[in-house]
Amino acid sequence: MIYPSLPKLVVVFWPKGLNEKEDMKTIFTRLPILLLVLISSLEGNAQHSVAREWNEQLLEAIRNDFARPTVHARNLFHTSVAMYDAWAVYDDEAETFFLGKTVGGYECPFTTVSAPADIEEAREEAISYAAYRLLRHRFQESPGAFLTVNRLNTLFADLGYDASFTSTDYESGPPAALGNYIAQELIAFGLQDGSNEQFDYANQFYEPVNEPLIVEFPGNPDITDYNRWQPLTLSVFIDQSGNVIPGATPPFLSPEWGSVVPFALNNDDLTIYERDGDQYYVYHDPGAPPYLDTANAEGNSAEYQYTFALVAAWSKHLSPDDGVMWDISPASIGNVAVEQYPTTIEGLRDFYDLAEGGDVGTGHELNPVTGLPYEPQMVPRGDYARILAEFWADGPDSETPPGHWFTLLNYVNDHPLLVRQFGGEGEVLEPLEWDVKCYLALGGAMHDAAVTVWGIKGWYDYLRPISALRGMAELGQSTDPAMPNYHPAGIPLLDGFIELVQEGDPLAGSSNQHVGKVKFNAWRGPDFVTIPEIQEAGVGWILAENWWPYQRPTFVSPNFAGYISGHSTFSRAAAEMLTALTGDPFFPGGMGEFFAEEDEFLVFEDGPSMDITLQWATYRDASDQCSLSRIWGGIHPPVDDVPGRLIGIDLGMAAFEQARDLFYKDEDADGFYSYEDCDDSNDLIYPGAPEICDGEDNNCDGDIDEGVLTTFYVDADEDGFGDAAVSELACTAPMGYVTNDADCDDTDA
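None of these values were measured; they are calculated from a predicted model.

A short note on the overall build of the protein
Here's step 1: The number of helices and strands found in the protein is 15 helices and 18 strands.
Here's step 2: Oriented by its inertia axes, the alpha-carbon framework of the protein measures out at about 120 × 70 × 60 Å.
Here's step 3: Looking at the protein as a whole, 58% of its 749 residues qualify as buried.
Here's step 4: Considering only contacts in the protein between residues 6 or more positions apart, those separated by 24 or more positions represent 68%.
Here's step 5: Of the accessible surface of the protein, which amounts to about 28,900 Å², a share of 51% is contributed by carbon and sulfur atoms.

Digging into the sheet that holds strand β13 (residues 539–543)
Here's step 1: Sheet architecture is open: 3 strands sit in the order β11-β12-β13, paired in antiparallel fashion. Only two strands of the sheet have a single partner each, and these edge strands are β11 (498–500) and β13. Strand after strand, the sheet turns through a mean of 35 degrees between neighbouring axes, direction not considered.
Here's step 2: Two strands pair when backbone bridges link them, and β11 and strand β12 (residues 518–523) are joined in this way by 3 bridges, in the antiparallel orientation. Along β12, the bridge assignment pairs glutamate 499 with lysine 519.

Regarding the sheet that holds strand β16 (residues 710–714)
Here's step 1: In spatial order, the strands read β17-β16-β18; together these 3 strands make up an open sheet with antiparallel pairing. Single-partner strands in this sheet number two, and they are β17 (723–730) and β18 (737–738).
Here's step 2: With 5 bridges connecting them, β16 and β17 associate as antiparallel partners. Bridge pairing in β17 places tyrosine 713 opposite serine 727.

Some details on the state of the cysteines
Here's step 1: Counted according to the given criterion, the structure contains 2 disulfides.
Here's step 2: Two residues share a disulfide in this structure: cysteine 678 and cysteine 700, whose sulfurs sit 2.0 Å from each other. Of note, the bridge from cysteine 678 to cysteine 700 carries an S-S torsion of about -80 degrees and is left-handed in sense. Taken together, the residues cysteine 678 in the loop between α15 (638–663) and β16 and cysteine 700 in the loop between α15 and β16 connect sequence positions 22 residues apart.
Here's step 3: Assessed through its relative accessible area of 44%, cysteine 678 is described here as partly exposed.
Here's step 4: At a sulfur-sulfur separation of 2.2 Å, the disulfide partner of cysteine 693 is cysteine 731. Across the S-S bond linking cysteine 693 and cysteine 731, the dihedral sits near -90 degrees, which makes this disulfide left-handed. Here the residue cysteine 693 occupies a position in the loop between α15 and β16, and cysteine 731 occupies one in the loop between β17 and β18, the gap between them amounting to 38 residues.
Here's step 5: According to the relative accessible area criterion, cysteine 731 is partly exposed, its value standing at 28%.

Regarding helix α12 (residues 465–475)
Here's step 1: Within α12, 9 of the 11 residues are buried, which leaves it mostly tucked inside the rest of the structure.
Here's step 2: Along α12, the positions that sit buried rather than exposed are Pro465, Ile466, Ser467, Ala468, Leu469, Arg470, Gly471, Met472 and Ala473.
Here's step 3: Structurally, α12 contributes buried residues whose contacts are with β3 (213–214), β4 (232–233), α7 (301–314) and β12.
Here's step 4: Glycine 476 occupies a position one or two residues after α12 and carries a positive phi of about 135 degrees.

As for the nonpolar core
Here's step 1: Counting residues in hydrophobic clusters, the biggest one holds 191 residues, and the most contacted among them are Trp54, Tyr352 and Phe520.
Here's step 2: Setting aside chain neighbours within four positions, we find tryptophan 54 in contact with Met83, Ile127, Ser128, Ala131, Tyr132, Leu135, Leu152, Leu155, Phe156 and Leu159.

Considerations on the side chain of asparagine 75
Here's step 1: Along the chain, asparagine 75 falls in helix α3 (residues 69–88).
Here's step 2: The contact partners of asparagine 75, leaving out residues within four places of it in the chain, are Leu58, Arg138 and Phe139.

Observations regarding the environment of leucine 429
Here's step 1: Looking at the element boundaries, leucine 429 is found in the loop between α10 (400–414) and α11 (431–460).
Here's step 2: Remark: the alpha-carbon pair of leucine 429 and leucine 388, spanning 41 residues in sequence, is separated by 35 Å.
Here's step 3: The contacts of leucine 429, once residues within four sequence positions are left out, are Arg420, Phe422, Trp434, Lys437 and Tyr664.

A look at the packing of aromatic side chains
Here's step 1: Here the structure, examined in full by the defined rule, presents 59 aromatic pairs.
Here's step 2: A centroid spacing of 5.8 Å and a plane angle of 55 degrees characterise the contact between tyrosine 341 and phenylalanine 351, whose relative ring orientation is tilted. You can see tyrosine 341 sitting in the loop between β9 (325–327) and α8 (348–351) and its partner phenylalanine 351 sitting in helix α8, a full 10 residues away along the chain.
Here's step 3: Between phenylalanine 587 and tyrosine 619, the ring centres sit 4.5 Å apart and the planes meet at 50 degrees, which makes this aromatic pair tilted. With phenylalanine 587 in the loop between α13 (566–582) and β14 (592–596) and tyrosine 619 in helix α14 (residues 619–632), this residue pair connects regions lying 32 residues apart in the sequence.
Here's step 4: A residue is classified by how much of its surface remains accessible, and phenylalanine 587, at 1% relative accessible area, is buried.
Here's step 5: Judged by its relative accessible area of 1%, tyrosine 619 falls in the buried class.

A word on the confidence of the model for the protein
Here's step 1: In this model, the protein carries an average pLDDT of 92, and 92% of its residues clear a pLDDT of 70 or more.
Here's step 2: Scored below 50 in pLDDT, residues 1–46 shows 80 contacts in the model against residues more than four places distant or in partner chains.

Section: the packing of α14 against α15
Here's step 1: Two elements in contact, α14 and α15, have axes whose closest approach is 9 Å; the angle formed by their N-to-C orientations is 160 degrees. The pairing of α14 with α15 is recorded here as roughly antiparallel in orientation. The hand of the α14/α15 crossing is right-handed. Facing α14, whose interface residues are Asp624, Ser627, Leu628 and Ile631, α15 presents Pro638, Asp641 and Arg645.
Here's step 2: Taken together, the residues of the contact of α14 with α15 sort by class into 3 nonpolar, 1 polar and 3 charged.

Considering the pairing of strand β8 (residues 278–283)
Here's step 1: Where strand β7 (residues 270–275) lies against β8, 6 bridges are found, and the strand directions are antiparallel. Across the sheet, the residue bridging to glutamate 274 is glutamine 279, located in β8.
Here's step 2: Connecting the antiparallel pair β7 and β8 is a turn made up of 2 residues, with aspartate 276 showing a positive phi of about 55 degrees.

Notes on the side chain of aspartate 641
Here's step 1: Within the secondary structure layout, aspartate 641 lies in helix α15.
Here's step 2: Residue classification places aspartate 641 among the buried residues on the basis of a relative accessible area of 1%.
Here's step 3: Non-local contacts of aspartate 641, meaning those with residues more than four positions away in its chain, are made with Tyr352, Ser565, Ser568, Ser627 and Ile631.

Procedures and definitions
Residues numbered from 1 in each chain as written. Predicted model: local features only at pLDDT ≥ 70, side-chain atom pairs only at ≥ 80, totals over all residues. Heavy atoms only, no water. Helix = DSSP H or I, 4+ residues; strand = E, 2+ residues; numbered from the N terminus. Buried < 20%, exposed > 50% of the residue type's maximum accessible area, 1.4 Å probe, protein only. Contact = heavy atoms within 4.5 Å. Areas by Shrake-Rupley, 256 points an atom, 1.4 Å probe, with all protein chains shown as cover. Pairing = 2+ DSSP bridges. Axes fitted to C-alpha atoms, helices over the stretch in contact; angles between N-to-C directions. Disulfide = S-S within 2.5 Å. Core = buried A, V, L, I, M, F, W, Y, C linked by side-chain atoms within 4.5 Å. Phe/Tyr/Trp six-rings, centres within 6.5 Å; stacked < 30°, edge-to-face > 60°. pLDDT = per-residue confidence, 0-100. Parallel < 35°, antiparallel > 145°, perpendicular 65-115°, else oblique. Left-handed = near helix turned anticlockwise from the far one by under 90°. Nonpolar A, V, L, I, M, F, W, Y, C, P; charged D, E, K, R; others polar.

See the structure below:
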């Protein structure tokens, strides 16, 4: 199980922001998550480092704040910086990231601290003051501020610290002063890092070009640019943390985030674009997505039509009643090689299965830990697709996608089979050192993913499937000029998935007013679910103008552009990071799991129809599954997905390398860091070095002079010939030994 076993006594807090129809369903869906948080807090003092305790506080604060992936990726990163620097100050090798450095043009002065009597106590104290002050500041205006501040105060007091101590005199004061100073400087840094935190992260110049789509009305009559993002107007907008957002048309979240100071991104990867006199910072520019030529359907119009039509086709999979059964174990799903990812827009067609769903992954032959095949798990495809769409939607209990990967990191860190060796090599680290290093590395990767993705989203400003599908369907069908309702920029027809309404069709209308319109065989939408606890919308033929993604009617789609997928990028960057940190692509034990209970897990509607366990052999398998979930959820087309996966690989590795350079040094400049080099003061000694006969373990394999020793034979009678019966292995001949064993009598010269 991905979550630990449950205690006999539990306390469940009623989630906020639920409507009447969702209350009980959401309680039972979130129960494993709530229990995980409870168990973590109960067991934290005994089992977890102080950094882990503050990380859990941050994740809970995020769950009670607005669902803003960009803002919370930054919060996760900055808090990780605070804790890591408070630890690194007292280390002989590790280098701080912020203290004593200039980051993004902000100089953080720092001299030195006096050596404490107890380094571990000093680290815990400095970490706690830094995290406490920073989190109190960042969440003071949160909708859940009352609960969050109380939790922070409680942990701080339980750890034995005094909140009234506010000195920042770290040179002569206690470690608490260092923690206060770190928080003070990070707060000041955050007010000028490009995030616009001082004005609640508000947009400074971005304006949408399309009028909003009123999703409860049919079609998309007001769209003017089929290639640009379109706001959505809802009856009420409730974000994925359960907060009711004022105004029914939420603005684009963070379109200017590309200018926020990153962790490991560099100017070599940066392109600065200009539109309407305003600058957009774009790292790792993937190039433009396919655009629809609404006049002649030229250029990449066919790829635009394909990529959004696939989303409509996969919507047909969202019911367990179609009889399709899949093996969702690692034996059959996952194990997609990087070389299999398409690198062109046209290549997307060969990567995804348009009709049946899924990608080219074929699974793993064996569990490398047990040496046995993975046990098959046959489940309805419709259940699997719906569980994916909800599980990965915004992280369990809405700690946002970057926070979701922190929960997975914490799960891995708690696994009894994990060995805390950085990169899978060197000495086993203490929990605190392991945690602060992992959090900084993963936090940096998640922050860089947010800066990169939202920079791309802001510049390319690409629309979501609900806008594209309704818009194309309103134009007509693009398959056959001889058929009714033809338009070259309309949607392509696909038998059994996308067709035209004919006379006599139940959808034709009382006066055949809908004849000739496009229809989808798809999830029927929230209008068919009035009591989510006991009802399913099901799949059937609907007018395309009424298509909904598989989401709540109070949410529909995230309030920002689609291209590129944040989930794909966050997840792949995190998967690369966890692989690098642990030195193993596989979850501990060869598999990670999440249990979804029959008729309890789903929130959007009733289900699943049976108990199902999501399973991942590798971190990359989990990432790829997350990417597919967004297509089934109707949130992203394939063109948003793959560029995010590919960019995520680069971001994860760049963040790992940046973090590693802070944590460890290569003093002898032999290309190997101290954690992997068995002697970092000798450039002739490193893993894989040629073994020479010098009494040293040159190649760091634990053996000395293996394979290079010479056999010498005793020459007792000093006639130059040795006795085969008496020999010794050595680099040079010991006194009285020779290299041959030709003497038949070593007592007679």
